[in-house]
Amino acid sequence: MNMLVITFTVYAMVYNFRTDIVQNDAWFGFRGFKCLRFFTVLSNVYAAIACGIMLFFNAKNIIGDEYDFPLWASVVKFSATAAVSLTFVTVVFFLAPYAVFYGKSYFSLFTNNNFFMHFLSPVLCIASTLIFERSEPLGFKRTVFGVLPAVAYSLVYTPLVIIGEENGGWPDFYGFTFGGNYIITPFVVIGIYAAAFVISVLLVKLKAVFAKKIALELPQNAE
């Protein structure tokens, strides 16, 4: 799963830099390095890096016939998983319905490149983190690492959107201001933080549940 996430992300990034594709096929025409404006892209790149770290320890464990992941690596993978989970949830419950409102298909955000970044890679990250990568419990205090990616991105996206594209900023390509209603910006930011926090708490809780279930199913003499 880690290898697949890395592969899909590399493919998606190469796709974003291809010049032989019609411009309208890009997200808002943002090709090349401009694609890095999107939380979707950044969260998936972060996830690929985290999966690369875990893949190293996957290989190390296979070679050494052991099962051990350092806590820091598990925290990085958890943080990246929370980030792509936020991407997935935002698309499913906000951006896809928003697309329908403007006359597009609900599944238009799950086609081509978006299939990997909006759906498949997040699902693989969630499954691998919760079910297959056992580590010591992360604990409630580490949920902050799941919220940090959203906070870091908002500190860039929010002021650049408020500045506006005509003044050297960014357009509100996520539509969070609903056509320039900047007065609701604080509520949107709080809502995003709240969603990131809930996702992080759920991931921590579910990871603990799966770890406990696996431990109960192991033979008593198993290490």
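About the thresholds
Throughout, a residue's number is its position along its own chain's written sequence, starting from 1. Under the rules for a predicted model, residues below a pLDDT of 70 receive no local features and side-chain atom pairs below 80 are neither given nor counted, while totals for whole chains, interfaces and linings still include all residues. Side-chain measures here rest on the full set of heavy atoms in the structure, leaving out hydrogens and waters. For helices, the fitted axis covers only the stretch in contact; all axes are lines through C-alpha atoms, and the angles between them, taken along N-to-C directions, range from 0 to 180 degrees. Labels follow the DSSP assignment, with helices taken as runs of H or I lasting at least four residues and strands as runs of E lasting at least two, numbered in each case from the N terminus. Throughout, the term roughly parallel applies to angles under 35 degrees, roughly antiparallel to angles over 145, roughly perpendicular to angles from 65 to 115, and oblique to all others. By convention, the crossing between two helices is left-handed when the near helix turns anticlockwise from the far helix through less than a right angle, and right-handed when the turn is clockwise. By the convention used here, residues are in contact when the closest approach between their heavy atoms is within 4.5 Å. Residue polarity follows a fixed list, in which Ala, Val, Leu, Ile, Met, Phe, Trp, Tyr, Cys and Pro are nonpolar, Asp, Glu, Lys and Arg are charged, and the others, Gly among them, are polar. When two rings of Phe, Tyr or Trp (its six-membered ring) have centres within 6.5 Å they constitute a pair, described as stacked for plane angles under 30 degrees, edge-to-face for angles over 60, and tilted for the intermediate range. Categorising residues by exposure relies on relative accessible area from a 1.4 Å probe, with only protein chains included: less than 20% of the type maximum marks a residue as buried, more than 50% marks it as exposed, and the intermediate range marks it as partly exposed. Think of a nonpolar core as a cluster: buried Ala, Val, Leu, Ile, Met, Phe, Trp, Tyr and Cys residues, connected wherever their side-chain atoms sit within 4.5 Å. The method works on a 1 Å grid over the protein atoms by themselves. A cavity is a set of points holding a 1.4 Å probe that cannot get out, a pocket is an open set with protein on both sides within 12 Å along at least five of seven lines, and residues with an atom within 4 Å of a point line them. Grid points are joined across faces, edges and corners, and a volume is the space filled by probe spheres set on the points. Multiplying 1.5 Å by the helix residue count minus one yields the expected span of that helix. A residue's bend is simply the angle between two axes: one fitted to the seven residues ending at it, one to the seven starting at it. We define a polar contact as two N or O atoms separated by no more than 3.5 Å, with the added condition that, inside protein, one atom must be a possible hydrogen donor and the other a possible acceptor, whereas residues neighbouring each other in sequence contribute only through side-chain atom pairs.

S.K.: Tell me about the packing of helix 3 (residues 71–101) against helix 4 (residues 113–132), residues and numbers included.
M.R.: In contact at an axis separation of 9 Å, helix 3 and helix 4 are set at 140 degrees when each is read in the N-to-C sense. When the interaxial angle is binned, helix 3 and helix 4 end up oblique. Once helix 3 is placed against helix 4, the crossing between them reads as left-handed. In this structure, helix 3 contributes Lys77, Thr81, Val84, Ser85, Thr87, Phe88 and Val91 to the contact, and helix 4 contributes Met117, His118, Phe119, Pro122, Cys125, Ile126, Ser128 and Thr129. Across the contact of helix 3 with helix 4, the residue classes tally to eight nonpolar, six polar and one charged.

S.K.: Quick rundown of the packing of aromatic side chains? Include the residues and the values.
M.R.: Counted by the stated rule, this structure contains 30 aromatic pairs. Centroid distance tyrosine 11 to phenylalanine 116: 5.5 Å. Interplanar angle 70 degrees. Geometry classified as edge-to-face. Placement of the pair is tyrosine 11 in helix 1 (residues 2–17) and phenylalanine 116 in helix 4, with a sequence separation of 105 residues. Looking at tyrosine 11, the relative accessible area reads 43%, which means it is partly exposed. With relative accessibility at 16%, the residue phenylalanine 116 sits in the buried group. Measuring from centroid to centroid gives 5.1 Å for phenylalanine 56 and phenylalanine 57, while their planes differ by 80 degrees, and the two rings are edge-to-face.

S.K.: Just give me the short version of the nonpolar core, but keep the residues and values in it.
M.R.: Core analysis: the biggest nonpolar cluster contains 33 residues, and Tyr153, Tyr157, Phe173 and Tyr174 have the highest contact counts within it. Counting only elements with at least two residues in this core, the list comes to helix 1, helix 2 (39–64), helix 3, helix 4, helix 5 (144–163) and helix 6 (185–217). With nine residues, helix 3 is the largest single contributor of residues to this core.

S.K.: Help me get a handle on empty space enclosed by the protein, residues and values and all.
M.R.: Enumeration according to the criterion identifies one cavity of 30 Å³ or more in this entry. By volume, the largest cavity amounts to about 320 Å³. Lining the largest cavity are 22 residues, and of these Tyr153, Tyr157, Tyr174, Phe176 and Ile192 lie nearest its centre. When residues of the lining of the largest cavity are traced back to their parent elements, those giving at least two are helix 2, helix 3, helix 5 and helix 6. In terms of residues, the lining of the largest cavity owes the most to one element, helix 5, which gives seven residues. The residue inventory of the lining of the largest cavity, partitioned by class, reads 14 nonpolar, seven polar and one charged.

S.K.: Could you give an account of helix 4, naming the residues involved and the relevant values?
M.R.: In this model helix 4 runs 26 Å from its N-terminal to its C-terminal C-alpha over 20 residues, within 8% of the 28 Å that 1.5 Å per residue would give. Along helix 4, the sharpest kink reaches roughly 35 degrees, centred on leucine 120 and followed within four residues by the proline proline 122.

S.K.: With reference to specific residues and values, describe the environment of valine 76.
M.R.: The residue valine 76 is located in helix 3 in this model. Residue classification places valine 76 among the partly exposed positions, given a relative accessible area of 22%. Put simply, valine 76 and glycine 146 are 70 residues apart on the chain and 9.0 Å apart in space, counted from C-alpha to C-alpha. Those residues within four positions of valine 76 in sequence are excluded, and the remaining contacts are Tyr46, Ala50 and Ile53.

S.K.: Give a detailed account of the side chain of asparagine 113, specifying residues and quantitative values.
M.R.: With respect to the helices and strands, the residue asparagine 113 is situated in helix 4. Side-chain polar atoms of asparagine 113 contact the side chain of asparagine 16, separated by 3.3 Å. The residues contacting asparagine 113, other than those within four sequence positions of it, are Tyr11, Ala12, Tyr15 and Asn16.

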